[in-house]
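Structural overview for review
The lines below spell out each chain.
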Amino acid sequence: FMGILGAIFAAGAYTCLRVLGGREKHYTIVFYFSLFSLVVIFPFMMVVYTPMSIKQLFYLLMAGVFASIGQFGITIAYKYAPAKEISIFDYSNILFSAMISFLVFGVLPDTLSFIGYFIIFASSYYMYIYNKKLDKAEGK
């Protein structure tokens, strides 16, 4: 259920990115996206907060830096290209998450994770090919 809910909210966010991309500067969009995320997650963080080690703080800061860079990239991409052409590349975050969890934390995904990876990539590749065929049929 949470995965479906996450997909629905992501679709809404990317639709908003597409609409706002022509009206607002990319840094304004990323700022308000980050601010909204902070406001929404803050109460949950306060409930379960525990002090971090230096290593954890470093990982958190690096995750924030690279997430910000990625968010700028996504925001700019959705400004210039249709979502149906970008979405297949957005799924690469699943692959990178798996690689980082293995390389940095030594966590190997289980069999169900690999099945999930396959289903997600196969679905997105199918939709990419399907949309390309629709574009050809429409003469785009």
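In this report, we go over the structure that sits alongside the text. (Residues numbered from 1 in each chain as written. Predicted model: local features only at pLDDT ≥ 70, side-chain atom pairs only at ≥ 80, totals over all residues. Heavy atoms only, no water.)

In this section: the overall build of the chain. Of the regular secondary structure elements, the chain holds six helices and zero strands. Secondary structure elements of the chain, listed N to C terminal, follow the sequence α-α-α-α-α-α. Projected onto its principal axes, the C-alpha positions of the chain cover 60 × 40 × 25 Å. Expressed as a percentage of the 140 residues in the chain, the buried residues total 13%. Across the chain, every contact between residues at least 6 apart in sequence was considered, and the portion connecting residues at least 24 apart equals 74%. Carbon and sulfur atoms make up 75% of the accessible area of the chain, which totals about 11,100 Å². Each charge class in the chain was averaged separately, 10 positive and 6 negative side chains, and the resulting centres sit 5 Å apart. (Helix = DSSP H or I, 4+ residues; strand = E, 2+ residues; numbered from the N terminus. Buried < 20%, exposed > 50% of the residue type's maximum accessible area, 1.4 Å probe, protein only. Contact = heavy atoms within 4.5 Å. Areas by Shrake-Rupley, 256 points an atom, 1.4 Å probe, with all protein chains shown as cover. Lys, Arg positive; Asp, Glu negative; His and termini not counted. Charge placed at Lys NZ, Arg CZ, Asp CG, Glu CD.)

On to helix α6 (residues 111–138). Look at α6: 41 Å from first C-alpha to last across 28 residues, which is about the 40 Å you get at 1.5 Å a residue. By the burial criterion, the buried members of α6 are S124, N131 and D135. Tucked into the core, α6 has its buried residues touching α4 (83–90). Within two residues after α6, G139 carries a phi angle of roughly 80°, on the positive side. (Expected span 1.5 Å × (residues − 1).)

Right, let's talk about the packing of helix α2 (residues 26–48) against helix α3 (residues 54–80) for a bit. Look at α2 against α3: their axes get within 9 Å of each other, and the N-to-C directions meet at 125°. Here α2 lies oblique to α3, going by the angle between them. In terms of crossing hand, the pair formed by α2 and α3 is right-handed. Between α2 and α3, the residues in contact are H26, Y27, I29, V30 and F33 and Q71, F72, T75 and I76, respectively. Residues belonging to the contact of α2 with α3 are distributed by class as follows: six nonpolar, three polar and no charged. (Axes fitted to C-alpha atoms, helices over the stretch in contact; angles between N-to-C directions. Parallel < 35°, antiparallel > 145°, perpendicular 65-115°, else oblique. Left-handed = near helix turned anticlockwise from the far one by under 90°. Nonpolar A, V, L, I, M, F, W, Y, C, P; charged D, E, K, R; others polar.)

Function cannot be inferred from these measures alone, as they are strictly geometric.
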